[in-house]
Amino acid sequence: MAEFKDLYEAVIVGDRERAVELAKAALAEGAELQDLLDQGLLPAMDEVGRRFENDDFFVPELLIAARAMKGVMELITPLVAEAGVQLRGRIAIGTVRGDLHDIGKNLVAAMLEGGGFQVIDLGKDVPSDQFIRAVNESQAQIVALSALLTTTMPAMRTIVQDITEAKMRDRVKIIIGGAPVNQKYADEIGADGYAETASGAVALAKDLLSA
Ligand code: B1M
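Quick caveat: nothing in here was measured; it's all calculated off a predicted structure. (Residues numbered from 1 in each chain as written. Predicted model: local features only at pLDDT ≥ 70, side-chain atom pairs only at ≥ 80, totals over all residues. Heavy atoms only, no water.)

So, about the sheet that holds strand E4 (residues 173-177). Spatially, five strands are ordered E2-E1-E3-E4-E5 in an open sheet, and the strand pairing comes out parallel. Both outer strands of the open sheet, strand E2 (117-121) and strand E5 (193-194), are each paired with one neighbouring strand and no more. As judged from the five bridges shared by strand E3 (residues 142-146) and E4, these two strands associate in the parallel manner. Counterpart to serine 146 in the pairing with E4 is glycine 177. In the packing of helix H6 (residues 128-138) onto the sheet, contacts are made with strand E1 (89-95), E2 and E3, and the angle to E1 comes to roughly 165°. (Pairing = 2+ DSSP bridges. Helix = DSSP H or I, 4+ residues; strand = E, 2+ residues; numbered from the N terminus. Contact = heavy atoms within 4.5 Å. Axes fitted to C-alpha atoms, helices over the stretch in contact; angles between N-to-C directions.)

Right, here's the structure in full:
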């Protein structure tokens with residue numbers, strides 16, 4: 001972590017410009033993207049969450065930290081995507097209805113692209129019909145759902161039900177992820193899989209499409 005301490009701090013205090021500069025400098029010096037994420041950015045967002053939970057941070061602090069994180073993500077997303085080239089399949093991804101958290105979803109999307117998938121990113125606060133339309137239009141083989149709130153988890157169940165009712169279940173796999181969900185929940189709502197991390201989502205997608 002010592003190597004990325006300044007970046008870690010810059011994200012926590014929401015200094016977007018500095019965070020981006022530090023990330024650029026680290027990459028120019030040959031830092032690995034994965035280390036930048038695992039030792040700088042992700043622990044910083046965890047710390048922001050902890051402070052929020054302990055009432056040391058409130059929504060404005062959360063927002064400016066997220067803005068700093070987003071600035072760095074905009075810098076690194078193309079690089080993450082560049083790491084892989086082969087097209088392994090098509091995936092429609094989105095954060096479910098009612099949920100505005102998209103940093104993790106963007107990371108998952110970037111890693112999937114990096115893993116060689118074509119990704120149709122539907123954004124955040126996405127209702128069932130938008131997923132259904134995307135699958136029809138793009139022939140996506142996987143729908144990937146992200147939720148960060150316990151209150152938006154039920155939207156995942158709704159999407160699985162709506163996709164089933166649209167009789168598309170035999171041609172599309174559904175995977176879920178995000179901090180409040182787990183394998184048990186995936187099983188309960190009839191999803192095809194759960195991944196805890198962005199790289200886990202890539203492995204899961206590869207698995208499901210090769211099965
Ligand atoms: Co909010 N927020 N937030 N927030 N926020 C959390 C999630 C929270 C845990 C903070 C806390 O209390 N400790 C808490 C949720 C509690 C709960 O439901 N259990 C919370 C809350 C309460 C709220 C509000 C309700 C606050 C309020 O207004 N009172 C509100 C809700 C708004 C809404 O969505 N309707 C809210 C708002 C916001 C901001 C808008 C200010 C901002 C989001 C900005 C944005 O995303 N553009 C924000 C942020 C930044 C956070 C925290 C601090 C960080 C989230 C993040 O980006 N993490 C978060 C606390 C925390 O997580 N430590 C918190 C980094 C990101 C890379 O990780 O998203 O977990 P994550 O994604 C990971 C994995 O989960 C996984 O891979 C990613 C990479 O490893 N993953 C998948 C994610 N999706 C996946 C899909 C997959 C597979 C893996 O397959 C399909």
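Read on, since the account is not over.
With that settled, consider the layout of surface pockets. Size it by volume and the largest pocket reaches roughly 1600 Å³. What lines the largest pocket is a set of 47 residues, and nearest its centre among them are Met45, His101, Ile103, Gly104 and Leu148. Among the secondary structure elements, those contributing two or more residues to the lining of the largest pocket are helix H3 (33-53), helix H4 (59-82), helix H5 (103-114), E3, E4 and helix H9 (198-210). A per-element tally of the lining of the largest pocket places H3 first, with 10 residues. Of the residues assigned to the lining of the largest pocket, the class counts are 29 nonpolar, nine polar and nine charged. A domain split of the lining of the largest pocket shows at least three residues from each of domain 1 (2-83) and domain 2 (89-210). (1 Å grid on protein atoms, 1.4 Å probe; cavity = no way out; pocket = protein on both sides within 12 Å on 5 of 7 lines; lining within 4 Å. Points joined across faces, edges and corners; volume = space filled by probe spheres on them. Nonpolar A, V, L, I, M, F, W, Y, C, P; charged D, E, K, R; others polar. Domains from an automatic or database assignment.)

The environment of the ligand is formed by 36 residues, the closest being Glu53, Leu100, His101, Asp102 and Ser146. A distance of 2.7 Å is found between a nitrogen atom of the ligand and a side-chain nitrogen or oxygen belonging to aspartate 102. Here an oxygen atom of the ligand and a backbone polar atom of alanine 198 are 3.5 Å apart. Comparing atom positions with the cavity grids shows the ligand to sit within the largest pocket. Elements with a minimum of two residues in the shell around the ligand: H3, H4, H5, E3, E4 and H9. The element that contributes the greatest number of residues to the shell around the ligand is H3, accounting for seven residues. Residues that form the shell around the ligand fall into these classes: 22 nonpolar, nine polar and five charged. (Near = heavy atom within 4 Å. Polar contact = N/O pair within 3.5 Å; in protein donor to acceptor, adjacent residues only side chain to side chain. Sits in = over half its atoms within 2 Å of the grid points.)

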